[in-house]
Amino acid sequence: MTQTKAKNPVKIMVFGTFDGLHPGHLNFFKQAKDLKPSSRESFLIVSVARDKNVKKIKGRLPLLGEKKRKKLVENSKLADKVILGSLHDYLAHIKKENPDVIALGYDQKSPYVDNLRKNLQNYGISPRILRLRPYMAHIYKNRLLKKKR
């Protein structure tokens, strides 16, 4: 019996700063890609946070600029599509991509995340929102990696 490739893949979207990729990020992408029924393919969309938004949320700029961080994610070959997040309306690029699933990292917490489901419903979309497991969180966290350097 020959299997045919699914014509309608499950669109899974993740977000992050990705200020240098480490094994925790790669595991994050792999976990997200696995959030699909076995009968369908997955299509992983990675949204890389804009420098301006990182500064607003984290209080500091990332070490690498947004274009370099986007290129790092593209070079990982784990994402099917890599985009820069919206500058002003954090929901605009989500609405444009219209994902079936949004996968959040175990440590992604902010007012944006807290109100994500409600705000997306106001936009007329309601993807499943799931939180992924940490991957050696005590080691692979950019904040901790930078401390060790």
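Up top you'll find the structure we're talking about.
All of these numbers come straight from a predicted model, not from anything done at the bench.

**Here we look at the side chain of T17**
Then, in step 1: For T17, the location among the structural elements is in the loop between β1 (10-16) and α1 (23-33).
Then, in step 2: For T17, the contacting residues outside a window of four places in its chain are V48, A49, V54, K58, P62 and R69.

**Brief notes about the sheet that holds strand β2 (residues 42-48)**
Then, in step 1: Pairing is parallel across the open sheet formed by 5 strands, whose spatial order is β3-β2-β1-β4-β5. Among the strands making up the open sheet, the edge pair consists of β3 (81-84) and β5 (128-131). Recorded for the sheet is a direction-independent mean angle of 25° between the axes of neighbouring strands.
Then, in step 2: As paired strands, β1 and strand β4 (residues 101-104) are joined by 2 bridges and run parallel to one another. Opposite I12, over in β4, you have V101 as the bridge partner.
Then, in step 3: Against the sheet, α1 engages β1, β2 and β4, with an angle of about 155° to β1.
Then, in step 4: Of the strands in this sheet, β2 and β3 touch helix α3 (residues 66-76), which is tilted by about 170° from β3.

**Overview of α3**
Then, in step 1: Within α3, the full set of buried residues consists of E66, R69, V73 and S76. What you see down the axis of α3 is that its buried residues fit within an arc of 80°, all on one side. In this structure, α3 carries K67 and K68 as exposed residues pointing more than 90 degrees from its buried face.
Then, in step 2: Looking at the packing, one finds that the buried side of α3 touches α1, β2, α2 (51-58) and β3.

**Structural notes on the side chain of R50**
Then, in step 1: Along the chain, R50 turns up in the loop between β2 and α2.
Then, in step 2: Dropping the residues within four chain positions of it, R50 is found in contact with E66, R69, L84, G85, S86 and L87.

**Here's the deal with the nonpolar core**
Nonpolar side chains in soluble globular proteins generally cluster together in the buried interior.
Then, in step 1: Judged by nonpolar contacts, the single largest core of 17 residues is most densely connected at V14, F29, V46 and V73.
Then, in step 2: Listing elements by their share of this core, those giving two or more residues are β1, α1, β2 and β4.
Then, in step 3: Apart from residues lying up to four places away in sequence, F29 is in contact with V14, F18, L21, L44, V46, V73, S76 and L78.
Then, in step 4: Judged by nonpolar contacts, the second largest core, of 12 residues, contains M13, I45, I102 and L116.

Criteria and thresholds
Residues numbered from 1 in each chain as written. Predicted model: local features only at pLDDT ≥ 70, side-chain atom pairs only at ≥ 80, totals over all residues. Heavy atoms only, no water. Helix = DSSP H or I, 4+ residues; strand = E, 2+ residues; numbered from the N terminus. Contact = heavy atoms within 4.5 Å. Pairing = 2+ DSSP bridges. Axes fitted to C-alpha atoms, helices over the stretch in contact; angles between N-to-C directions. Buried < 20%, exposed > 50% of the residue type's maximum accessible area, 1.4 Å probe, protein only. Arc of directions from axis to C-beta. Core = buried A, V, L, I, M, F, W, Y, C linked by side-chain atoms within 4.5 Å.

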